[in-house]
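# Residue-level structural notes
As a plain string of letters, each chain reads:
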Amino acid sequence: MFRATLKSLLARKLRLLLSGLAVILGVMFVSGALVLTDTLNRTFDSIFADAYASVDVSVSAKPSVAVSEMDGEQVATPLPASVVEKIRTQSGIRSATGRVDADGARVIGADGKVLTSFGPPRMGSNWTGTDDVMELREGRGPESDGEIAMNATTAELAGYRVGDRVPVLTRQPKREFTLVGIWGYTGDRGSVGGVQEVAFTTPVAQELMLGEKDVFTSVTVGAGDGVTPEGLRDRLAPVLGDGYQVRTGEQLAADSSAGMKEGIGFFNQILLGFAGVALFVGIFLILNTFSIVVAQRTRELALLRAMGAGRRQVINSVLIEAVVVGLLAAVLGLAAGVGAGAGLGALFSGMSDGMDLAPIGVPLSAVISAFTVGVLVTVVAAVLPALRASRISPIAAMQDVSTPDRPLTRLTVAGSVVTAAGAAALGTGLFAASGDAVLGLILGGVLVSFIGVALLTPLISRPVVSLLGRLFAWSVPGRLGRLNSGRNPRRTAITAAALMVGIALVTGVTVVMESAKSSLRVEMTQVLKAQILISGDQAGPRPPTYDPAVLTGIEGIPGVRAAAGLYNDQVAIDGSPSWVVATDDLSRMAEAYGTTAPVLGADQIAISDSKAKESGWQVGTTVPVQTPRGDPRTYTVALVFPEDTLPGRIILPGAAVEGFGITQPVMGFVRLDDGVPVSSVLPQVKALLADSPEVAAIDQQTFADEQAASFDQIILMIQILLGLAILIAVLGVINTLALSVLERTRELGLLRAVGLGRAQTMRMITVEAVVIAVFGALLGVAVGAGMGSAVAKAMENDGITQIVLPWARMATYLGLAALVGVIAAVVPAIRAARLNVLGAIAHD
């Protein structure tokens, strides 16, 4: 029986290829994600190991506000210079050097534009000389307050040489320095991990990067002779107390790498999520393939039963075929995944200038996942066809038996029950539930309803396919194609369902994003009254900022009614990180928003009504707040405002900004007097921002368009990631048609014999493909629109107040589905047209 199975498998190589292709693509996605993650993890391990190779022990203050890599940038708490002196007095110390290392030194290049960074920080530090890893390549280190040095990568990107004047943005407005030195790192590297670095003298670094004198972010301690880093760490920790972190260089490298790995792990989960969608779609393809194959092998399997093969042997025969296909697909998918991981790694490295990627490796997790996923998905998809094959009667070997489609009663009942359950959960979430349960009920209802619709697809397919087919029924090939597409509802439904999944997810995301865009535009026009906004594009971990003195200048422009700057940062409230905003004058901010509010006192805050309800706060409630670089302070709630009538959910007074990690405004709002044209004020505002090149002054409509563009980028990214699932669905259409042509060889021969030409045969197959593809897309668009609308409704409290159905995009998806059908039909149609008429008629 085993030999017969292998011979049957090898005799149908096309079937083997088509069955395995979906699994290959899914495995490629899974293994590629794991290969990429492993490569990036080892890359960051190497980067941080190099960065701290010369560090025996590092001492830093425990952060006032602990922030994870996923939540934002960790702001270091400055430690006083006295700590450096205290460390130097301890025994076993060779050296103790105070370090200033803080993100936020943005170099303005020779072209007048700020150097951007897609990931690596832009560090400002104090010059402490070279070490075993760092080497001076040109010039010298800075000695006076007007001098800087920078690493080779930064100098190259900015287009500067030693002796040039270099503008730099820090916690303070733009200042110019003379470039006196350029350094690099061993191994002919211009940077460590693509980090842009600027070194000042120590007093200037403290002033510009930390905003205080005689403070450092850390102390690098060298161990004396005979003292190990671990021994020195254990000696210093009790002396300094609980307020400090004392770590060896190896610990510091491991902790820094772990923070980056947290972000990489999140990215990996996203990729694996999309891989799961692709594999889910692949199950439809494999299920359909094996179902068709079993139907085609009815006489062969019946003959085996007549010769004594038991039902279990028939099941094993089909499952063995599935295992072989899964193993081959796993090997090929793993190989393709290694290539995909290498390509994505190179792309990631290219986006981070100067980052050397670790050699591509194949982690054990990728190998295990490839074979587990490949075999498991294939076998699971083949179980139902295997059970169906075992029920073939031996008598079928003695007659020409067709395989009629089975009744849809049980499937319809199951689909109806599941859909009803999903609808009930969805309705409860939308209209009855409250609190945290709402989103869970809605998302759960969407998922269950999605499964229910998939189960009902065979029932829906017959009338819908018949209706769609009428569009092509004006000719004989069109009528035949229409009839063929509806003759087997199960097969049509499974093929269409695979396409439905991808289209539904894309449509659902599009609905949510378009609803968010529309809600933003409504808020901009109905809530925000400021006609001019100051903002910039955030390309790295830090937002763009501008000189707060600009706001004073704007208020002096004739025709300006109010100008307000917005600051933001993460603080700790009752020990938990929370985003807050701050403004110098809440009354001016309220006027820019078209409302009124009092000026906040130095110990007062304002909160939104949703935050008040969530936290149980009210006017008069005291709230303890810890800023990243300030002392703990208790504020009193002075105002509870309606959601979205002011920015943010917690607004602190301007005095709190001194404790923020970023002490410059990240946005600005300018409201004009009634009747004053924007065109008369905007150029003057732009002139005031000449020394703040990270931001720009734009009118309200332009700002809304820029914000909307970010949603379009998300839609594009989702479309690209789901493209693999849609590709697998397209392969499913090709697979179904190709196997259907084989199954209907005699029928096609008879049609050709009675006068159907080759071109007509090709049109018939094409109509069948187009009808199936459009049916799947139509289901996907309908289900996706419902899913997206439900999710958008669930996010009403998060600012999505409008539900928008993107009719143009949905029509585009349907048009592309028709094109996909035409493309998918090319190979099967050519194969059908080339059939030898006499041979086809005689085909058994």
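Residues numbered from 1 in each chain as written. Predicted model: local features only at pLDDT ≥ 70, side-chain atom pairs only at ≥ 80, totals over all residues. Heavy atoms only, no water.

## Side note on the overall build of the chain
From N to C terminus, the chain includes 23 helices and 23 strands. Out of the 844 residues in the chain, the part that is buried amounts to 51%. In the chain, 81% of the contacts between residues at least 6 apart in sequence involve partners at least 24 apart. For the chain, the computed accessible surface area is about 36,200 Å², with 59% contributed by carbon and sulfur atoms. (Helix = DSSP H or I, 4+ residues; strand = E, 2+ residues; numbered from the N terminus. Buried < 20%, exposed > 50% of the residue type's maximum accessible area, 1.4 Å probe, protein only. Contact = heavy atoms within 4.5 Å. Areas by Shrake-Rupley, 256 points an atom, 1.4 Å probe, with all protein chains shown as cover.)

## Here's the deal with the environment of Thr-745
Within the secondary structure layout, Thr-745 lies in helix H20 (residues 745-753). Taking relative accessible area as the criterion, Thr-745 reaches 8% and is therefore assigned buried. Sequence spacing of Thr-745 and Ala-832 is 87 residues, and the spatial spacing of their C-alpha atoms is 8.0 Å.

## Details of the side chain of Ser-125
Locating Ser-125 in the fold gives a position in strand S6 (residues 122-126). A relative accessible area of 6% means that Ser-125 is categorised as buried. Apart from the residues lying within four places of it in its own chain, the contact partners of Ser-125 are Arg-99, Val-100, Asp-101, Val-198, Ala-199, Phe-200 and Ala-205.

## A closer look at the confidence of the model for the chain
Per-chain confidence: the chain averages 83 in pLDDT, with 90% of residues scoring 70 or above. Looking over the chain, one finds the lowest element-wise mean pLDDT in helix H1 (residues 2-10), namely 59, and the highest in strand S8 (residues 147-151), namely 96. (pLDDT = per-residue confidence, 0-100.)

## Observations regarding the pattern of salt bridges
All chains considered together, the criterion is met by 24 salt bridges. Close ionic contact of Arg-88 with Glu-85 constitutes a salt bridge, the shortest N to O distance being 2.8 Å. In this pair, Arg-88 and Glu-85 both sit in helix H3 (residues 81-88), three residues apart, roughly one turn of the helix. A relative accessible area of 43% places Arg-88 in the partly exposed class. Here Glu-85 falls in the partly exposed class, since its relative accessible area comes to 44%. Among the ionic pairs, Glu-143 bridges to Arg-140, the shortest N-O distance being 3.7 Å. Here Arg-140 falls in the partly exposed class, since its relative accessible area comes to 33%. (Salt bridge = Lys/Arg side-chain N within 4 Å of Asp/Glu carboxyl O.)

## Overview of empty space enclosed by the protein
Per the counting criterion, the structure on display carries three cavities of 30 Å³ or more. Taken as a whole, the largest cavity holds about 50 Å³ of empty space. Among the residues forming the lining of the largest cavity, the class breakdown is three nonpolar, five polar and four charged. Here the second largest cavity is characterised by a volume of approximately 40 Å³. Lining of the second largest cavity is provided by Phe-284, Leu-285, Asn-288, Thr-289, Ile-494, Thr-495, Ala-498, Gly-732, Asn-735 and Thr-736. Elements with a minimum of two residues in the lining of the second largest cavity: helix H7 (249-296), helix H14 (489-526) and helix H19 (700-743). Split by residue class, the lining of the second largest cavity holds four nonpolar, six polar and no charged. (1 Å grid on protein atoms, 1.4 Å probe; cavity = no way out; pocket = protein on both sides within 12 Å on 5 of 7 lines; lining within 4 Å. Points joined across faces, edges and corners; volume = space filled by probe spheres on them. Nonpolar A, V, L, I, M, F, W, Y, C, P; charged D, E, K, R; others polar.)

## Some words on the packing of H14 against helix H22 (residues 807-833)
At their nearest, the axes of H14 and H22 sit 10 Å apart, and the two run at 165° to each other. Of the possible angle classes, the one that applies to H14 and H22 is roughly antiparallel. Between H14 and H22 the crossing geometry is right-handed. Taking contact as the criterion, the partners of Val-506, Thr-507, Thr-510 and Glu-514 in H14 are, on H22, Arg-809, Met-810 and Tyr-813. For the contact of H14 with H22, the class distribution of residues is three nonpolar, two polar and two charged. (Axes fitted to C-alpha atoms, helices over the stretch in contact; angles between N-to-C directions. Parallel < 35°, antiparallel > 145°, perpendicular 65-115°, else oblique. Left-handed = near helix turned anticlockwise from the far one by under 90°.)

## Digging into the environment of Gly-427
Topologically, Gly-427 is positioned in helix H11 (residues 409-432). Residue Gly-427 is classed as partly exposed on the basis of its relative accessible area, which comes to 24%. Sequence spacing of Gly-427 and Leu-441 is 14 residues, and the spatial spacing of their C-alpha atoms is 8.6 Å.

## Let's talk about the side chain of Ser-515
When you line up the elements, Ser-515 lands in helix H14. In this structure Ser-515 comes out as buried when scored by relative accessible area, which is 0%. Once you skip the residues sitting within four places of it in the chain, Ser-515 turns out to touch Ala-792, Ile-800, Gln-802, Ile-803 and Val-804.

## Quick word on the sheet that holds strand S13 (residues 218-223)
Strands sit in the order S3-S13-S1-S14 across an open sheet of four strands; the sheet is antiparallel. Every other strand in the sheet has two partners, leaving strand S3 (93-99) and strand S14 (244-248) as the edge strands with one partner each. Averaged over all pairs of adjacent strands, the angle between strand axes in this sheet comes to 20°, irrespective of strand direction. One ladder, built from three bridges, connects strand S1 (residues 57-61) with S13; its direction is antiparallel. Within S13, the residue paired with Ser-58 across the bridge is Thr-220. Against the sheet, H3 touches S1, S3, S13 and S14, its axis set at about 175° to S3. Packed onto the sheet, helix H6 (residues 229-240) meets S1, S3, S13 and S14 and runs at close to 175° relative to S14. (Pairing = 2+ DSSP bridges.)

## Section: the packing of H3 against H6
One can describe the packing of H3 onto H6 by two numbers: an axis separation of 11 Å at closest approach and a directional angle of 130°. Taken together, the axes of H3 and H6 are oblique relative to one another. Like other packed secondary-structure pairs, H3 and H6 cross with a definite hand, here right-handed. Taken together, the residues of H6 that come into contact with H3 (itself represented by Val-83, Lys-86 and Ile-87) are Leu-236, Val-239 and Leu-240. By residue class, the composition of the contact of H3 with H6 is five nonpolar, no polar and one charged.

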